[in-house]
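# Working through the structure, step by step
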Amino acid sequence: MPSPKTLPMGRLQPGNVVAPDRSPSRLPAAPVLLPQSSHKKGQWKSTKLFRRAVKSVFRSFPVINPPCKMPVSLHGNRMHEGHIHGGKQMTGTLFGYRKARVNLAIQETPRSVPLLVLELSIHTGKLLQDMGSGLVRIALECEKNPSEKLKLIDEPIWTMYCNGRKAGYAVKRGPTEDDLKVMQNLHAVSMGAGVLPSQKADSPEGELTYMRAFFERAIGSKDSETYYMMNPNGTSGPELSIFFVRV
């Protein structure tokens, strides 16, 4: 199985990737060996019909512009030098074809099945370019419904803001076979960015790129969670914060 080509965590520039493998052998079909995480092992066994219906609803939503309400405080956690103390360390992976929508996967460890997979409305290349220019804050908001008892990360559709500007929507879905292959190929990678081999040779959507890092998860309440990217040993590099809020 070809291994991903990684770069150290640092400034991400448009050219700061390794050229993809152009050899005839690309991503051989291999069994997915990721162990289940401890979070609802059977929750992702949704049908294709359900995923199709959710995406259909997602794309039909009207464009509205409510104010972005990122949380300003997190109970029980202390901020220090850009990090949250008291949070839980998770693995976060941004991946997708450069000219297609970026996906976000959250895992308990680099070797576990994702707890959460979100398809974001921003293109992969654009997000990585923005991260190379400085701090990126993504706020994901959904409407609070007192009659439903969903956990925050189980909400299906989110309004997305990037650095305070409306950026479309994000939709939660179960991990596909392609998602799991990406996680399998990155199971030995803790932090890094680069290009993965792809079966789509010369795809008009560009290269299959990824960025993986540890995130610190801080829970403010049952209606707010925040994930802060952790740079190794305090080194400078891409900075990303992701806020989940029910309003």
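The model shown is predicted, which means the values in this text are computed figures rather than measured ones.

Our next topic: the confidence of the model for the protein chain. The pLDDT averaged across the protein chain works out to 76; a share of 63% of its residues lies at or above 70. Within the model, the stretch residues 11-28 combines pLDDT values under 50 with 40 contacts to residues more than four positions away or in other chains. Note on residues 70-85: pLDDT under 50 across the span, and 35 contacts to partners over four residues away in sequence or across chains.

Moving on, we get to the side chain of Glu225. Counting through the fold element by element, Glu225 comes out in strand E12 (residues 224-230). When sequence neighbours within four positions are dropped, the list of residues in contact with Glu225 reads Leu152, Ile153, Arg217, Ala218, Ile219, Ile242, Phe243 and Phe244.

When helix H2 (residues 124-133) is considered as a whole, its buried residues turn out to be Thr124, Gly125, Leu127, Leu128, Met131 and Gly132. Angularly, the buried residues of H2 cover 165° about the axis, an arc narrow enough to put them on a single face. Looking at the residues trailing H2, positive phi occurs at Gly134, about 155°.

Once that is clear, we can look at helix H3 (residues 177-185). Within H3, seven of the nine residues are buried, which leaves the element mostly enclosed by the surrounding structure. Taken together, the buried positions of H3 are occupied by Asp179, Leu180, Lys181, Val182, Met183, Gln184 and Asn185. Each element contacted by the buried residues of H3 is listed here: strand E4 (88-97), strand E5 (101-107), strand E6 (116-123), strand E10 (192-196) and strand E11 (208-221).

Judged by how many residues are buried, E11 sits mostly within the fold: twelve of 14 residues are covered. Where E4 and E11 come together, ten bridges link them in antiparallel fashion. By the bridge assignment for E11, Thr93 is matched with Arg212. Sheet topology places E10 next to E11; five bridges connect them, and they run antiparallel. Counterpart to Gly192 in the pairing with E11 is Arg212. Relative to E12, E11 runs antiparallel, the two being bridged by seven bridges. Its bridge partner lying in E12, Ile219 is registered against Glu225. In sequence, E11 turns back onto E12 through a hairpin of two residues.

With that out of the way, let us pick up the pattern of salt bridges. For the coordinates displayed, the defined rule picks out twelve salt bridges. Across the pair Glu119 and Arg173 runs a salt bridge whose closest N-O atoms are separated by 3.9 Å. With Glu119 in strand E6 and Arg173 in the loop between strand E9 (165-172) and H3, this residue pair connects regions lying 54 residues apart in the sequence. The two residues Glu119 and Arg173 agree in class, both being buried. Salt-bridge contacts for Lys126 lead to Asp130; the nearest nitrogen and oxygen are separated by 2.8 Å. Note that Lys126 and Asp130 are positioned in helix H2 at a spacing of four residues, about one turn of the helix. Looking at Lys126, the relative accessible area reads 41%, which means it is partly exposed. Through salt bridges with shared partners, a single network forms among Lys144, Glu155, Lys222, Asp223 and Arg246.

Scoring rules and cut-offs
- Residues numbered from 1 in each chain as written.
- Predicted model: local features only at pLDDT ≥ 70, side-chain atom pairs only at ≥ 80, totals over all residues.
- Heavy atoms only, no water.
- pLDDT = per-residue confidence, 0-100.
- Contact = heavy atoms within 4.5 Å.
- Helix = DSSP H or I, 4+ residues; strand = E, 2+ residues; numbered from the N terminus.
- Buried < 20%, exposed > 50% of the residue type's maximum accessible area, 1.4 Å probe, protein only.
- Arc of directions from axis to C-beta.
- Pairing = 2+ DSSP bridges.
- Salt bridge = Lys/Arg side-chain N within 4 Å of Asp/Glu carboxyl O.

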